[in-house]
Amino acid sequence: MANTSLLKLEEDSRIDSHIAAVSKRLGMPRRAFLQFCATLATSLGLPPGADAAVAEAVASKKRPSVIWLHFQECTGCTESMLRAEHPTLEKLILDVISLDYHETLFAAAGHQAEQARKSAMMQNRGSYLLVIEGAIPTRDGGIYCKVGGQTAIELTRECAADAAAIIAIGSCASWGGMPSTDPNPTGSSGVATVLGKPVVSIPGCPPNPYNFLSTVVHFLAFGSLPPVDELGRPKFAYSRLIHESCERRAHFDAGRFAMEFGDEGHRKGYCLYKLGCKGPETYANCPTVLFGDAGAGTWPIGCGCPCIGCTEQGVGFSKPLHMLAKVKNVDPPQQYPRIVEEKGMGATLGSAALLAAVAGAAAGGAAMVARNLGLSHQAEEAERARAAGQGTEV
Ligand code: FSX
Ligand code: SF4
Ligand code: F3S
């Protein structure tokens, strides 16, 4: 079957010279770069043909200035970006953005660093991306986290004022994450709570760098951040339960469980539900995108560790690790999705699967993403919005 979208992309002369330059910069063959962009567009759920816009954006657009703040956290978010061992992922992240302020990566310190942040904000007023990593302590006037004499609350508000878009990266910045664990002595909160307005959140402890890259590329290609759910999470990454795509799901359905760490069931790769796996109530694309690109199985459950629900507020860092998960969606759905997608509403199953196949490791487990792409999430999303008592999209 011909992949017309990829072929069109390869023939697009508008971006040819840019692609040659970016391929050289990244040390990546031209075809591999195009395949990566096509896969990125597919996993973002973009319509056919959008891969050209993605490639153009990555190859030729001016890199947005990024101000990256750190508050209460372990720096695992940054570590996971830099440890993305796929030959292109971390290079691409650093290639598509201009990281103008980042306390961990900066050689500068003290007043020099503060000055760099202020200059970048002034020079890119209204157009910079603000990325916040870590929770924001709100108790006692926010005194539990200060940088350069300012509280995290003050810095967040100051940097948010002139930002084009704000991304809360990691579970800490999304809702408080680990620092907000009961009894939350410092009043750790997420960025949206502190600013009193929605921001795009990419939870995970650590979050998947592929989801961050995809979010930034969407901003570059279309001038806006991707559509999000009622918790501010990009739908392309957080609209499916882990349990739905888990490689151990057949064991769950057949009633084959590991009962103890190291027992026969655990060694045989049986389902980890009875060890407290929170996959059945956690929304994330971990089983389809994987981590670190080190090969198959590089995600918590793949390594034999029950999911702790790190992307899910109210589950990760809230529910005890051994507690059984609430199993959602155990019955077949009332309605099955259409098999044929309407034109322009998303990638077709066939093209997505083919893209995933040709892109290989770049997509991680993108075949699973592709498998889910044509499905209608509307009923499920409406239900979740009702449960959250909001019912509105951010
Ligand atoms: Fe750590 Fe980031 Fe966890 Fe938090 O990730 S990996 S504690 S989400 O803010 O650095
Ligand atoms: Fe996978 Fe956990 Fe579901 Fe078992 S309970 S199938 S290990 S997500
Ligand atoms: Fe976190 Fe569970 Fe994924 S622990 S990384 S949400 S598999």
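In this text the structure is predicted, and so the values were computed from the model without any measurement. (Residues numbered from 1 in each chain as written. Chains lettered and ligands numbered in written order. Predicted model: local features only at pLDDT ≥ 70, side-chain atom pairs only at ≥ 80, totals over all residues.)

1. Some thoughts on the pairing of strand β3 (residues 128-133)
The test is simple: Once C-beta atoms are placed from the backbone, each residue is buried if 20 or more other C-beta atoms lie within 10 Å of its own, exposed if 12 or fewer, and partly exposed for counts between those two. Secondary structure elements are taken from DSSP: a helix is a run of H or I of four residues or more, a strand is a run of E of two residues or more, and numbering for both begins at the N terminus. The criterion for strand pairing is that DSSP finds at least two bridges linking the strands in question.
With six of six residues buried, β3 lies mostly within the body of the structure. With burial as the criterion, each face of β3 is covered, one bearing Y128, L130 and I132 and the other bearing L129, V131 and E133. Of the pairings in the sheet, the one linking strand β1 (residues 65-70) to β3 comprises five bridges and is parallel in character. Among the inter-strand pairings, V66 is bridged to a residue of β3, identified as L129. Sheet topology places β3 next to strand β7 (residues 163-169); six bridges connect them, and they run parallel. Looking at the pairing, V131 lines up with I167 of β7.

2. Focus: the site of ligand 3
The condition is simple: Residues are counted as near a molecule or strand when the C-beta atom, derived from backbone positions, lies within 6 Å of that molecule or strand. Polarity classes work like this: nonpolar for Ala, Val, Leu, Ile, Met, Phe, Trp, Tyr, Cys and Pro, charged for Asp, Glu, Lys and Arg, and polar for all others, with Gly in that last group.
If you check the shell around ligand 3, you find 13 residues, and the closest are C286, P300, C307, C310 and T311. Considering only residue class, the shell around ligand 3 consists of nine nonpolar, four polar and no charged.

3. What to know about the site of ligand 1
Neighbouring ligand 1 are 15 residues, the closest being E73, G76, G170, C172 and C205. For the shell around ligand 1, the secondary structure elements donating two or more residues are α5 (76-82) and α9 (170-175). Take the shell around ligand 1: its biggest share by element is four residues, from α9. The class makeup of the residues in the shell around ligand 1 is seven nonpolar, six polar and two charged.

4. Let's talk about the nonpolar core
Here is the rule: For our purposes the nonpolar core covers buried Ala, Val, Leu, Ile, Met, Phe, Trp, Tyr and Cys residues that link as a set through C-beta atoms within 7 Å. Note on contacts: each residue gets a C-beta atom placed from the backbone, and two residues are in contact if those atoms are within 7 Å.
Residues C37, V54, V58 and V217 are the most contacted members of the largest nonpolar core, which totals 94 residues. Discounting chain neighbours no more than four positions away, the residues touching V58 are V22, C37, V96, V217 and L220.

5. Considerations on the sheet that holds β7
Inclusion rule: Angles run from 0 to 180 degrees between N-to-C directions of axes, and those axes are lines fitted to C-alpha atoms, restricted for helices to the stretch in contact.
Reading across from one edge, β2-β1-β3-β7-β9 is the order of the five strands in this open sheet, with parallel pairing throughout. Pairing within the sheet leaves two strands with one partner each, and these edge strands are β2 (98-102) and β9 (200-202). Put simply, the sheet's adjacent strands are angled 25° from each other on average, direction ignored. Where helix α11 (residues 209-222) meets the sheet, its contacts fall on β3, β7 and β9, and the angle it forms with β9 comes to roughly 155°.

6. Regarding the environment of S224
Mapped onto the secondary structure, S224 falls in the loop between α11 and α12 (235-238). Using a count of 11 C-beta atoms within 10 Å as the deciding quantity, one classes S224 as exposed.

7. Structural notes on unusual backbone geometry
Cis rather than trans, the peptide bond between D182 and P183 has omega equal to 15°. Mapped onto the elements of the fold, P183 is located in the loop between α9 and β8 (188-189). That bond from C205 to P206 is cis: its omega, 5°, falls within 30 degrees of zero. The topology assignment puts P206 in the loop between β9 and α11. Even without being a glycine, T75 presents a positive backbone phi close to 70°. With respect to the helices and strands, T75 occurs in the loop between β1 and α5. Positive phi, close to 45°, is recorded for N184, a residue that is not glycine. Here N184 shows up in the loop between α9 and β8. Judged by C-beta crowding, with 16 C-beta atoms within 10 Å, N184 ranks as partly exposed.

8. Considering the environment of E103
Along the chain, E103 falls in the loop between β2 and α7 (110-123). Of the residues examined, E103 has 17 C-beta atoms within 10 Å and is grouped as partly exposed. Spatially, the C-alpha atoms of E103 and E114 are 9.6 Å apart, while their sequence positions differ by 11 residues. Setting aside chain neighbours within four positions, we find E103 in contact with H70 and A113.

9. Comments concerning the environment of C74
Within the fold, C74 resides in the loop between β1 and α5. Residues C74 and C172 lie 98 residues apart in sequence; the distance between their C-alpha atoms is 9.5 Å.

10. A closer look at helix α3 (residues 30-43)
We count it as follows: In this analysis, the expected span of each helix is defined as 1.5 Å times one less than the number of residues it contains.
Under the 1.5 Å per step criterion, the end-to-end length of α3 is 20 Å for 14 residues, consistent within 8% with the ideal 20 Å. Most of α3 is tucked away, with 11 of its 14 residues classed as buried. What α3 keeps buried is the set F33, L34, Q35, F36, C37, A38, T39, L40, A41, T42 and S43.

11. Considering the confidence of the model for the protein chain
Low-pLDDT stretches of the model should not have their predicted coordinates read in fine detail. Worth spelling out the cut-off: pLDDT measures the predictor's confidence residue by residue and takes values from 0 up to 100.
The predicted model of the protein chain averages 82 in pLDDT, with 79% of residues at 70 or higher. Contacts of residues 344-377 to residues separated by more than four positions or lying in other chains number 82 contacts, the stretch itself having pLDDT below 50.

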